[in-house]
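Observations on the three-dimensional arrangement
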Amino acid sequence: MSHGLNSAQSEAVRYLDGPCLVLAGAGSGKTRVITQKIAHLIEDKGFEPRHIAAVTFTNKAAKEMQERIGKLMEGKTTREGKRIPLRQLTVCTFHSLGVQILRMEAEHVGLKPQFSIMDSDDCFGLIQEQLGTTDKKLIRGVQSTISLWKNGMVDPEAAIAQAAVSGNADEHQAALVYRNYVATLNAYQAVDFDDLIRLPAELFARNEAVQLKWQNRLRYFLVDEYQDTNACQYQLLKLLAGGSHLRAPAFTAVGDDDQAIYGWRGATLDNLRGLQTDFPDLKVIKLEQNYRSTVRILEAANAVIANNPKLFDKKLWSEHGMGDPIAIHPMNDEEHEAESVVFRLSAHKFERRAQFRDYAILYRGNHQARLFEQILRRERIPYVLSGGQSFFDKAEIKDICAYLRLIANPDDDPAFIRAITTPRRGVGNTTLEVLGTFAGQAKVSLFEAAMMGGIEGKLQPRQLEPLRVFCESMVRLADRAAKDPATEVLDDLMAGIHYEAYLYDSFDERQAQSRWTNTLEFLEWLKRKGTKPEAAEGEEATGYDNADGFGSEGKNLLELTQTVALMSMLEGREEDPDAVRLSTLHASKGLEYPHVFLVGVEEGILPHCREDDDMTDEKIEEERRLMYVGITRAQRSLQISWCKKRKRARETYSCQPSRFIGEMKLEEAPAPKDETPAMSPKDRLGALKALLGGPGKTAAG
DNA sequence: GAAAATAGCTTTTTT
DNA sequence: AGCTATTTTC
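Calculation notes
- Residues numbered from 1 in each chain as written.
- Chains lettered and ligands numbered in written order.
- Predicted model: local features only at pLDDT ≥ 70, side-chain atom pairs only at ≥ 80, totals over all residues.
- Heavy atoms only, no water.
- Pairing = 2+ DSSP bridges.
- Helix = DSSP H or I, 4+ residues; strand = E, 2+ residues; numbered from the N terminus.
- Axes fitted to C-alpha atoms, helices over the stretch in contact; angles between N-to-C directions.
- Contact = heavy atoms within 4.5 Å.
- Core = buried A, V, L, I, M, F, W, Y, C linked by side-chain atoms within 4.5 Å.
- Buried < 20%, exposed > 50% of the residue type's maximum accessible area, 1.4 Å probe, protein only.
- Arc of directions from axis to C-beta.
- Polar contact = N/O pair within 3.5 Å; in protein donor to acceptor, adjacent residues only side chain to side chain.
- Parallel < 35°, antiparallel > 145°, perpendicular 65-115°, else oblique.
- Left-handed = near helix turned anticlockwise from the far one by under 90°.
- Nonpolar A, V, L, I, M, F, W, Y, C, P; charged D, E, K, R; others polar.
- Expected span 1.5 Å × (residues − 1).
- Patch = residues over 30% accessible without salt bridge, like charges linked within 9 Å, V, L, I, M, F, W, Y side chains within 5 Å.
- Areas by Shrake-Rupley, 256 points an atom, 1.4 Å probe, with all protein chains shown as cover.
- Salt bridge = Lys/Arg side-chain N within 4 Å of Asp/Glu carboxyl O.
- Lys, Arg positive; Asp, Glu negative; His and termini not counted.
- Charge placed at Lys NZ, Arg CZ, Asp CG, Glu CD.

The parallel open sheet is built from six strands, whose spatial order is 3-2-6-7-1-8. Each edge of the open sheet is held by one strand with a lone partner, namely strand 3 (90-93) and strand 8 (283-287). Strand-to-strand twist in this sheet, taken as the mean axis angle between neighbours without regard to direction, amounts to 15 degrees. Taken together, the four bridges between strand 2 (residues 52-56) and strand 3 define a ladder with parallel strand orientation.

Below you can see the structure in the form of C-alpha cells.
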C-alpha cells in the first residue's frame, strides 16, 4: 500500500467513512496526502477518475497536483488491467469547475452557454460608469465591497437593506451600484469571477435535479487550502459533496488554520468552524510532523502562532536537528538593511557553498522589493521577482480576448467597445454615444443596435459605414468560429484587424515589439490549445470526457474562447535559473527555501497597519499568521531584520521592532554583531567580491 | 495653457 | 516598477 507515509498521513489517505478534515501544518506533506488519496480511491477502492474532483485555488497548484498524480499513477492499470483514464479526473480551480458547470447548465441560470467572463478590469470599468467618477480609490473600494457581498452570498436587495439599517451613506451608494452592476452583467450575458462560484451554488440550492446530476458525477471531493475558501465556495462544496438524502457526505478538506492569510478577499475561517458543526461526525486528522525545517525554526514558528486563539490545537515537530540560531538584525534604515542582507547573503552563500536559488528574501509589501532589486542588480547577483502581473493582464492580450469574447457573445458590450476602438477604425466616442443611447432605448446590445434598422436615421453615413463593416466582419467570423478550425479563423481575424500595424503606430519601437511578441505568443498558445488532440501529459485536464462536451479533440474557436478567461499559460516556460527569490509573504505560501531573509519586520509593516484604520484583534491575528508563514518557509536558516529608521517623504520616522520578534521567544544569544561601522556595507561588499574573485552572473528578470 | 519631466507613494492577489 | 500629483518648461 501507500508506503512512505507517516501514520497520520496514511490515516488521512485511507479514511473514507465520512467527511474528513486534514489539518496540515506547514511542510507536513499535504499535497502528498491529496495525491495519494486520489490514487487510493482509484486503485484500491475502484473509483473511476471521472467521479473524483480535486479543487485548488490557483492554476499553478492545479497543475502541480496534476503532475504529481500523473507521476504517482504512471504505468498503473485498473484491476481489469486497463489503462486508467486519468484525463477524466477533475483537477482544477474552483473557478474552472464553476465555469464547466455553468456552461452546461447555463439555461438554468438565465444565461446562454456562450456567456462572457468579465475580468476585474472590465468590472472596474462598469463600476466606474455607474459611479460617474474617476477616483480609482473609490471605485476599487466599491468593487471590493461588491465582491465581498457576492462572496458572502449577500444579494443586492439584502445589501441595500443592510445599508439602510446601518445608515452608512457610502455603503448605501455601493449597494445601489451593486444592484445596477448585477443587472448590467445580466444584460451583457456576462459573469464576473465571483459569479463562477456563486451561480452554480445558487443553482444547486434551488434545483435538486441538477444538483443530483452533479452529485452523481462528482462522487468524491478533495479541497486544497481549505482555509482560504469563502462562503460561496463552502456552499458549493456542501451542495456537491456534503451529502443528501441519497448519499453520505464524501469529501476531504485539507488546510491549515494557521496559514489563513486571505481574509481580506473574503476567505473566512468560519468555514473551518462550520465544518465541525455542519458535519458532527467530521473526522479531524492532524499532520504535525514537519519535513521541512530545523527545530529552532519550528519552535519560533510555534511560539509566534501560540499567541493566536486556537481553532484546533496543533504543534509542529521535526526530526531535523536544532540547526542554526535564528538571527535578528536591527538595521539603521532601509538602505542599510538592503546592503546588509545582500552582504550577508553573499557571505553565507560563500561559506556554505550554496547556490543563489537556495535563498529567498521575503517582505510584506511589493514596494519593499525595490531597494533589494537595486542592490542585487548593482552587485550582479541574479534574482527573480515573484508574481508580477500575469500575462493575461497585459493590454495586448486583452485586446485580442475582446475580439474572441465578442465573436462568442455579441451581447458583450465591453468587449464590443474595446474591439471596435482597438485599433481605431473610424468609430469614435460620438458614434458610440449615439449607439449606446439607441441601444439603451431599444434594450438591446450595442452590437444588435448597430445592425438594427432605425439607427440609420441617427448616424451620418460616414459614421454608420465603419460600424456596419465591423459588425459584418464579426458576424462572418462568428459564423466560422463554430465550425472551422481555430487556427484558420484566428489567422483571418488577425489579418483583418491589422493589429501589428496598430501597435507600431501607437507605441514606440521597443513597446510595440514587446507587445507584438506577446501577441504572437498568445496566438501560438491558442492555436496549440485548439489543434492538440487531447492535452498531453501534465497539461490542463480540467476537461471531462467527450460525452459531456469537454476535452474533445480539436476545439473550435468558440469552445476555446469560452475557457480562455480562466486559463494561464503555465506550460512550457519552466526555466529555473539559479537566482535569489524576492517574494511577498503572500506569494511565498506553499514554497520553501533553504535560507530565508525576512525583512522589514517592524511594527506598522509586519503587523501592517495604516494610519486611519484601527487594528482589530482579527487583523493582528492574520498578520501573525503571515509572520508564521514567513518563518515556516525556511528550511535551514532564517535571518530577520528590522529598521530603526525609515524614510518616508522627506522625513525619517523611527520604527519599533515587530511584536512578533519578541513572540518568537528566542533564547539564543542575539545575532552576531554586524554593527562594525569601521567598514561601510558597500566596502564590505567590495571586499567580499574581491574574495570571491570577480562579480557573479548577471541579474535575471 | 498644454505637454513633459519629476517627485512622492505604495498591503496583501487570484480567478 | 508603476501610477498619480505637481512642477517645470515652451
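Bringing the side chain of N302 into the picture now. If you trace the backbone, N302 turns up in helix 13 (residues 295-305). Setting aside residues up to four positions removed in sequence, N302 forms contacts with K315 and L316.

This part covers the nonpolar core. Of all hydrophobic cores here, the largest spans 51 residues; its most connected members are F416, L435, F470, M474 and F522. Top contributing element to this core by residue count: helix 16 (residues 395-408), with eight residues. Other than its neighbours up to four places away in sequence, L435 contacts F416, L446, A449, A450, I455 and L467. Formed by 46 residues, the second largest nonpolar core is a distinct cluster that contains C92, V210, L218 and L282.

All of the buried residues along helix 10 (residues 208-217) are V210, Q211, W214, Q215 and R217. Each buried residue of helix 10 sits inside an arc of 160 degrees when the element is viewed along its axis, so together they form one side. Along its buried surface, helix 10 packs onto helix 4 (94-105), helix 9 (195-206) and helix 11 (231-241). Of the residues that open helix 10, the one with a side-chain oxygen 3.1 Å from the backbone nitrogen of A209 is N207.

Now for the packing of helix 5 (residues 120-131) against helix 8 (residues 169-187). As a packed pair, helix 5 and helix 8 sit with axes 10 Å apart at the nearest point and diverge in direction by 125 degrees. The angle between helix 5 and helix 8 falls in the class oblique. Considering the relative orientation of helix 5 and helix 8, their crossing is right-handed. Together, C123, L126, I127, Q130 and L131 of helix 5 and Q173, V177, N180, Y181, T184 and L185 of helix 8 make up the contact between the two elements. Taken together, the residues that form the contact of helix 5 with helix 8 break down as seven nonpolar, four polar and no charged.

Helix length check: helix 8, at 19 residues, gives a terminal C-alpha distance of 27 Å against a target of 27 Å (1.5 Å per residue), a fit within 8%. Taken as a whole, helix 8 has its buried residues at A174, A175, V177, Y178, Y181, T184 and L185. Of the surrounding elements, those touching the buried residues of helix 8 are helix 5, helix 6 (136-151), helix 7 (156-166), strand 5 (190-191) and helix 9. If you check the start of helix 8, you find a side-chain oxygen 2.9 Å away from the backbone N of D170, and it comes from N168. Positive backbone phi, approximately 55 degrees, marks Q189, located one or two places after helix 8.

Positive charge collects at one region of the surface, where K136, K137, R140, R610 and K619 lie side by side. No other element matches helix 6, which puts three residues into the positive patch. Position of R610 relative to the elements: it lies in the loop between strand 15 (593-598) and helix 26 (617-632). The exposure class of R610 is exposed, given its relative accessible area of 52%.

Time to look at the sheet that holds strand 16 (residues 634-643). In any sheet, the strands associate via hydrogen bonds between backbone groups, in a parallel or an antiparallel arrangement. With respect to topology, six strands assemble into an open sheet ordered 11-16-15-12-14-13, the strand pairing being parallel. Single-partner strands in this sheet number two, and they are strand 11 (327-331) and strand 13 (383-385). Between one strand axis and the next, the sheet turns by 20 degrees as a mean value, whatever way the strands run. Where strand 15 and strand 16 come together, five bridges link them in parallel fashion. Bridge assignment links F597 to a residue of strand 16, and that residue is Q639. Here helix 14 (residues 334-352) sits on the sheet in contact with strand 11, strand 12 (359-363), strand 14 (580-584), strand 15 and strand 16, set at roughly 155 degrees to strand 16. Seen against the sheet, helix 26 touches strand 12, strand 15 and strand 16 and runs at an angle of roughly 130 degrees to strand 16.

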